[in-house]
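So the chains spell out like this:
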Amino acid sequence: MERKLKFQVCIFLCVISFGLKCAATVSAQSAGIYELKKGNFSAKFTNWGASLVSLILPDKTGKLADIVLGFQAVDEYKNNTPNFGAIVGRVANRIKGAQFSLNGIVYKIIANDGNNTLHGGEFGFAHVLWKVTNYQKCCDNPSITFSYLSPDGDQGFPGDLLAKVTYKIVGGTELRVIMSAKALKTETPVNLAQHTYWNLGGHDSGTILLNKVKILATHYTPVDSELIPTGKLKLVAGTPYDFLKSQTVGSRIKKLPTGYDINYALEAANELKIVAVVHDEKSGRVMQLRTNAVGMQFYTANSLKDVKGKGGFVYQPHSALCLETQGFPNAVNQPNFPSQIVVPAKPYKHVMVYKFSTVK
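Residues numbered from 1 in each chain as written. Predicted model: local features only at pLDDT ≥ 70, side-chain atom pairs only at ≥ 80, totals over all residues. Heavy atoms only, no water.

S.K.: Please explain the state of the cysteines as it appears in this structure.
M.R.: Note on terminology: a disulfide is the covalent bond linking the sulfur atoms of two cysteines. All told, the structure shown has zero disulfides when counted by the stated rule. In this structure Cys139 is a free cysteine whose sulfur lies 7.4 Å from that of Cys138, the closest cysteine sulfur available. In this structure Cys139 comes out as partly exposed when scored by relative accessible area, which is 32%. (Disulfide = S-S within 2.5 Å. Buried < 20%, exposed > 50% of the residue type's maximum accessible area, 1.4 Å probe, protein only.)

What follows is the structure, given as structure tokens:
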């Protein structure tokens, strides 16, 4: 009994104390909040959905602000309908008809977006408790690693899958996100995405329509009325989706039904490349995104309406933007899209690097 009490006290101190070296494996049996900090750059996470819940950094005058939308209390993430800051999967984005075939077998999966599956189903990776397997908060590059074992049949998907995500602060200016997954027995589709809602002016600063965005992609995947890709690639030139030159989000958003919610086809994967840059002129904050993914969903929070967030602030449409690097939506049903099938001999790895700076 005494040994058990000492173990529990050790875990408690690792989670909440400052200045102690906490590099050991942490047992996470309930949802909690974990902080990484480097200078005046700090980020907080919860193991519910392996979610980023806040990121605080200075503006061009040195004033600190939280630039991530989210909830006030950790328990609110258990009903995280917008997927604030979460890792979504086993297969992010949409799967048409909530089914796909693999090796001649048709798999019926959970429909949670009309007749389609969105972000892995009703209880996808954003809506489960992950384990904290490593927590290093007192080092040069503080980091935290979450893991989740998704069993065979989870939301209808085949095979056991061990998923991990590591968040790391590097140099006080970068947040690195390393998502990995290993199929333990049989092949299965995998497409993880990090679903943070960003507002560089501050989570409570209003819309992002004046943010300037640059997206380094010449093609996008057009969609049907249910936001399912048609299977074709289309040039961004001459469309509202052309952000090859920096443009404000609001400059052409009225040409779209509700706002941006589209996948861009990026350059060849397997190496990190710059895919997007966001600049909020008022605060001076700049966010550059690099990734090894083949696609990126650009989403302007069109569905947010009267969502009560941190500090009681109420989020509305276009109060944030999402840059979700990923595989192409519905790739499991589009053989001409890059494959998302992962086999036991070749694990999945997806990297994102957010680099922050300010300009006056």
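S.K.: Explain the packing of aromatic side chains here, please?
M.R.: When we look at a pair of aromatic rings, we describe it by the centre distance and by the angle of the planes. Inspection of every chain in the model, using the stated rule, returns 24 aromatic pairs. Their ring planes at 55° and their centres at 5.8 Å tell us that Phe313 and Tyr315 sit as a pair that is tilted. Since its relative accessible area comes to 29%, Phe313 is described here as partly exposed. According to the relative accessible area criterion, Tyr315 is buried, its value standing at 0%. Put simply, the rings of Phe71, Tyr77, Phe84, Tyr197, Tyr299, Phe313 and Tyr315 pair up and form one aromatic cluster. The aromatic ring of Trp48 is capped on one face by Lys78, whose charged end is 5.8 Å from the ring centroid. Here Arg252 stacks its cationic end above the ring of Phe243, 5.0 Å away from the centre of that ring. (Phe/Tyr/Trp six-rings, centres within 6.5 Å; stacked < 30°, edge-to-face > 60°. Lys NZ or Arg CZ within 6 Å of the ring centre and 35° of its normal.)

S.K.: Just to check I follow, could you spell out the side chain of His203 for this structure?
M.R.: Its place among the elements puts His203 in the loop between strand E15 (193–195) and strand E16 (212–215). Assessed through its relative accessible area of 9%, His203 is described here as buried. Looking at His203, its side chain comes within polar contact range of the side chain of Tyr315, at 2.8 Å. Leave out the neighbours within four places in its chain, and His203 touches Asp66, Ile67, Val68, Leu69, Lys310, Phe313 and Tyr315. (Helix = DSSP H or I, 4+ residues; strand = E, 2+ residues; numbered from the N terminus. Polar contact = N/O pair within 3.5 Å; in protein donor to acceptor, adjacent residues only side chain to side chain. Contact = heavy atoms within 4.5 Å.)

S.K.: Just to check I follow, could you spell out the nonpolar core for this structure?
M.R.: Soluble globular proteins: nonpolar side chains tend toward being buried together. Within the largest apolar cluster, 63 residues are counted, with the highest numbers of intra-cluster contacts made by Leu55, Trp130, Leu175, Trp198 and Tyr264. Once residues lying within four places of it in the same chain are set aside, the contact partners of Leu55 are Phe41, Ser42, Ala43, Ala65, Asp66, Ile67, Val68, Leu175, Trp198 and Phe356. Core analysis: the second largest hydrophobic core is formed by 16 residues, Phe71, Tyr77, Ala301 and Cys322 among them. (Core = buried A, V, L, I, M, F, W, Y, C linked by side-chain atoms within 4.5 Å.)

S.K.: I'm lost on the pairing of strand E1 (residues 33–38) in this one. Help?
M.R.: For a regular strand, side chains alternate in direction, first toward one face of the sheet and then toward the other. Both E1 and strand E2 (residues 41–46) contribute to a ladder of six bridges, which runs antiparallel. For Glu35, the partnering residue across the bridge sits in E2 and is Lys44. Linking E1 back to E2 in an antiparallel pair, the connection comprises two residues, with Gly39 at a positive phi of about 65°. (Pairing = 2+ DSSP bridges.)

S.K.: What am I meant to see in the UniProt feature "active site" (unreviewed entry) in the protein chain here?
M.R.: What UniProt calls "active site" (unreviewed entry) maps, in this numbering, to His195 and Glu324. These residues run over 130 residues, yet every pair of their C-alpha atoms falls within 6.0 Å of each other. Within the secondary structure layout, His195 lies in strand E15. Setting aside residues no more than four positions away along its own chain, His195 makes contact with Pro82, Asn83, Phe84, Gly85, Ala86, Val88, His119, Cys322 and Glu324. Looking at where Glu324 falls in the secondary structure, it is placed in strand E26 (residues 322–326). With relative accessibility at 2%, the residue Glu324 sits in the buried group. Setting aside chain neighbours within four positions, we find Glu324 in contact with His119, Ala193, Gln194, His195, Gly295, Met296, Gln297 and Tyr299. (UniProt positions renumbered as here; feature names shortened; annotations may be inferred.)

S.K.: Looking at this structure, I do not really get a nonpolar patch on the surface. What am I missing?
M.R.: Taken together, the side chains of Leu216, Leu244 and Ile274 make up a nonpolar region of the molecular surface, amounting to roughly 200 Å² of accessible area. In this structure, Leu244 sits in the loop between strand E18 (234–235) and strand E19 (247–248). (Patch = residues over 30% accessible without salt bridge, like charges linked within 9 Å, V, L, I, M, F, W, Y side chains within 5 Å. Areas by Shrake-Rupley, 256 points an atom, 1.4 Å probe, with all protein chains shown as cover. Salt bridge = Lys/Arg side-chain N within 4 Å of Asp/Glu carboxyl O.)

S.K.: For this particular structure, what's the right way to read the pairing of strand E8 (residues 105–108)?
M.R.: Pairing analysis gives four bridges linking strand E7 (residues 99–102) to E8, with the strands arranged antiparallel. In the sheet register, Phe100 faces E8, and the bridge partner there is Tyr107. Hairpin geometry of E7 and E8 is characterised by an intervening segment of two residues between the two adjacent antiparallel strands and by a positive phi of about 55° at Asn103.

S.K.: Please explain the pattern of salt bridges as it appears in this structure.
M.R.: Side-chain pairs of opposite charge can arise where the charged atoms are in close proximity. Counted according to the given criterion, the structure contains seven salt bridges. For Lys78, the salt bridge identified is with Asp75, shortest N-O distance 3.6 Å. For Lys78, a relative accessible area of 44% translates into the label partly exposed. Residue Asp75 is classed as exposed on the basis of its relative accessible area of 52%. Note that Glu174 is salt-bridged to Arg290, the shortest N-O span being 3.2 Å. Residue Glu174 is located in strand E13 (residues 174–183), and its partner Arg290 is located in strand E22 (residues 285–291); the two are separated by 116 residues in the primary sequence. Assessed through its relative accessible area of 9%, Glu174 is described here as buried. You can call Arg290 partly exposed: its relative accessible area is 22%. Ionic contacts of the salt-bridge type, sharing partners, join the residues Glu174, Arg176 and Arg290 into one network.

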